[in-house]
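Results of the structural survey
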Amino acid sequence: MPLLRLAIQKSGRLTEESLELMQECGIDFNKSGGKLKASAYNFPLEFLFLRDDDIPEYIADGVADLGIVGENVIAEENGKLSAPVEIVERLGFSRCRLSLAVARGVEYGSVQSLQGKRIATSFPNILQGFLQENGVNAEIHEISGSVEIAPSIGLADAICDIVSSGSTLLSNGLVEVETIFRSEAVLLSRPNLPPAKQRTLDNLRFRIQSVNRAKHNKYILLNARNEAVSAILNLLPGMKSPTVLPLAESGWSSIHAVVQEDTFWEIIEKLRAAGAEGILVVPIEKMIV
Ligand code: ATP
Ligand code: MG
């Protein structure tokens, strides 16, 4: 298979989980500190370690074929790239939002209150798009970091910045008033890869999907009296259908099924009420469908 080049953030919030995902996909490589490049031992993939903001342009240029960045970065840069790049997979980590915030105590009715105001941000394009959609004219101050201090030093009336828990805003005396973009890490690709590289990408995507599907599901094993089995089966989905096996003790069965994480606690309670006992919940490592 031909070599694909995947750009990963060198050091930052995306790095650890990007590398972990590669490991979960069974792709081994040696990343000893400080290197800019590494090759996988057991998959036709070469890693480039770069600053996240540079990754979309490296893909547009053809230096890299693929990259992992926050969706906010690609939304910000898309129109500015020398060639289009596309999102081929959503990765589910580094979830955050881009929000507008104002100083505590400042009156904020709606986005119209920002008319004529100064807003500091590292994401001028996303912000401009949002303001335009809402018919608001404001002065955008682009700054590359420490955006949250802009109101307290008199640089801006409001900020537009990345928020996850909101604790940074809180400690800077700011209140989140509007979410304008939701982001997670995404896999980017150059469109129209040569067919052989495309096959390698398809293989990588298949592995990523199997890993991520597994993360959203649990394997449940439980015991029940035979009379309770049909009521329990009605509560359980499964990849095909739940498995029912007789236990050594007569009159009892063991039931195995795959349950989605987001419905998990709700189902467990219903299972107990229906007579399930000895419930075991096991993580799934890969889920191939
Ligand atoms: P670089 O030095 O590579 O340019 P950076 O400082 O621009 O790094 P990071 O702070 O490492 O970027 O963030 C990388 C990405 O992680 C962001 O673009 C965003 O998608 C996501 N992110 C940022 N802050 C958070 C957060 N608090 N919680 C979750 N995800 C976040
Ligand atoms: Mg950056």
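See above for the structure.
Parameters and conventions
Residues numbered from 1 in each chain as written. Chains lettered and ligands numbered in written order. Predicted model: local features only at pLDDT ≥ 70, side-chain atom pairs only at ≥ 80, totals over all residues. Heavy atoms only, no water. Donors = N, O, S within 2.8 Å, 3.2 Å for Na, K, Ca; no water. Buried < 20%, exposed > 50% of the residue type's maximum accessible area, 1.4 Å probe, protein only. Phe/Tyr/Trp six-rings, centres within 6.5 Å; stacked < 30°, edge-to-face > 60°. Helix = DSSP H or I, 4+ residues; strand = E, 2+ residues; numbered from the N terminus. Pairing = 2+ DSSP bridges. Axes fitted to C-alpha atoms, helices over the stretch in contact; angles between N-to-C directions. Contact = heavy atoms within 4.5 Å. Near = heavy atom within 4 Å. Polar contact = N/O pair within 3.5 Å; in protein donor to acceptor, adjacent residues only side chain to side chain. 1 Å grid on protein atoms, 1.4 Å probe; cavity = no way out; pocket = protein on both sides within 12 Å on 5 of 7 lines; lining within 4 Å. Sits in = over half its atoms within 2 Å of the grid points. Nonpolar A, V, L, I, M, F, W, Y, C, P; charged D, E, K, R; others polar. Domains from an automatic or database assignment. Core = buried A, V, L, I, M, F, W, Y, C linked by side-chain atoms within 4.5 Å. Parallel < 35°, antiparallel > 145°, perpendicular 65-115°, else oblique. Arc of directions from axis to C-beta.

This brings us to the coordination of the magnesium ion (ligand 2). Coordination of the magnesium ion (ligand 2) by the protein comes from Asp52 (OD) and Asp53 (OD), over a distance range of 1.9 to 2.1 Å. Here Asp52 falls in the buried class, since its relative accessible area comes to 16%.

A few words now on the packing of aromatic side chains. Applying the stated rule across the entire model yields 3 aromatic pairs. A ring pair is formed by Phe29 and Phe47, whose centres lie 4.4 Å apart and whose planes are at 40°; its orientation type is tilted. Residue Phe29 is found in the loop between helix H1 (15-24) and strand S2 (37-39), and its partner Phe47 is found in strand S3 (residues 45-50); the two are separated by 18 residues along the sequence. The same class applies to Phe29 as to Phe47, namely buried. Ring plane angle 15° and centroid distance 6.3 Å describe the contact between Phe47 and Phe49, whose orientation is recorded as stacked. Taken as a pair, Phe47 and Phe49 share a single burial class, namely buried. Three or more aromatic residues link up through ring pairs in this structure, and these residues are Phe29, Phe47 and Phe49.

To continue, consider the sheet that holds strand S15 (residues 277-283). Taken together, the 4 strands give an open sheet; going across it, the order is S13-S14-S12-S15, and neighbouring strands pair in antiparallel fashion. The strands lining the two open edges of the sheet, one partner per strand, are strand S13 (243-246) and S15. Taken over all neighbouring pairs, the strand axes of this sheet differ in orientation by 20° on average, direction set aside. Here S13 runs beside strand S14 (residues 252-260); their pairing, made up of 4 bridges, is antiparallel. For Pro246, the partnering residue across the bridge sits in S14 and is Ser253. Helix-sheet contacts for helix H7 (residues 226-235) involve strand S12 (217-225), S13 and S14, and the interaxial angle to S12 is about 150°.

This next bit is on the site of ligand 1. Taken together, 16 residues are adjacent to ligand 1, and Gln9, Arg51, Asp52, Asp53 and Asn72 come closest. A distance of 2.8 Å is found between an oxygen atom of ligand 1 and a side-chain nitrogen or oxygen belonging to Gln9. Put simply, ligand 1 lies in the largest pocket. Counted by class, the shell around ligand 1 contains 4 nonpolar, 7 polar and 5 charged residues. Looking at which domains feed residues into the shell around ligand 1, each of domain 1 (4-94 + 184-214) and domain 2 (96-182) gives three or more.

Attention now goes to the nonpolar core. Counting 28 residues, the largest nonpolar core has Leu6, Met22, Ile27, Leu45, Phe47, Ile68 and Leu187 as its most contacted members. Of all elements in the fold, only strand S1 (4-9), H1, S3, strand S4 (66-70), strand S11 (185-189) and helix H6 (195-215) reach the threshold of two or more residues within this core. Among the elements that line this core, the one with the most residues is H6, at 4 residues. In this structure, Leu114, Leu127, Val136 and Ala158 belong to the second largest nonpolar core, which totals 18 residues.

Moving on, we get to the environment of Leu66. Relative to the assigned elements, Leu66 resides in strand S4. Taking the relative accessible area as the measure of exposure, Leu66 reaches 0% and is therefore buried. For the pair Leu66 and Glu86, spaced 20 residues apart in sequence, the C-alpha separation works out to 9.4 Å. With residues near it in sequence (within four places) discarded, Leu66 still touches Leu4, Arg5, Leu6, Ala7, Ile59, Leu187, Leu188, Ser189, Leu201 and Leu204.

Attention now goes to the packing of H1 against H6. Running from N to C, H1 and H6 point in directions that differ by 100°, and their axes come no closer than 9 Å. When the interaxial angle is binned, H1 and H6 end up roughly perpendicular. Contacts between H1 and H6 involve Leu21, Met22 and Glu24 from the former and Leu204, Ile208, Val211, Asn212 and Lys215 from the latter. Residue composition of the contact of H1 with H6, grouped by class: 5 nonpolar, 1 polar and 2 charged.

Three or more residues of helix H4 (residues 124-133) are buried, namely Pro124, Ile126, Leu127, Phe130 and Leu131. All buried residues of H4 lie within an arc of 165° about the axis, which places them on one face of the element. Away from its buried face by more than 90 degrees, H4 exposes Gln132 and Glu133. Structurally, H4 contributes buried residues whose contacts are with helix H3 (71-77), strand S6 (96-103), strand S7 (118-121), strand S8 (139-142), strand S9 (158-163) and strand S10 (174-183).

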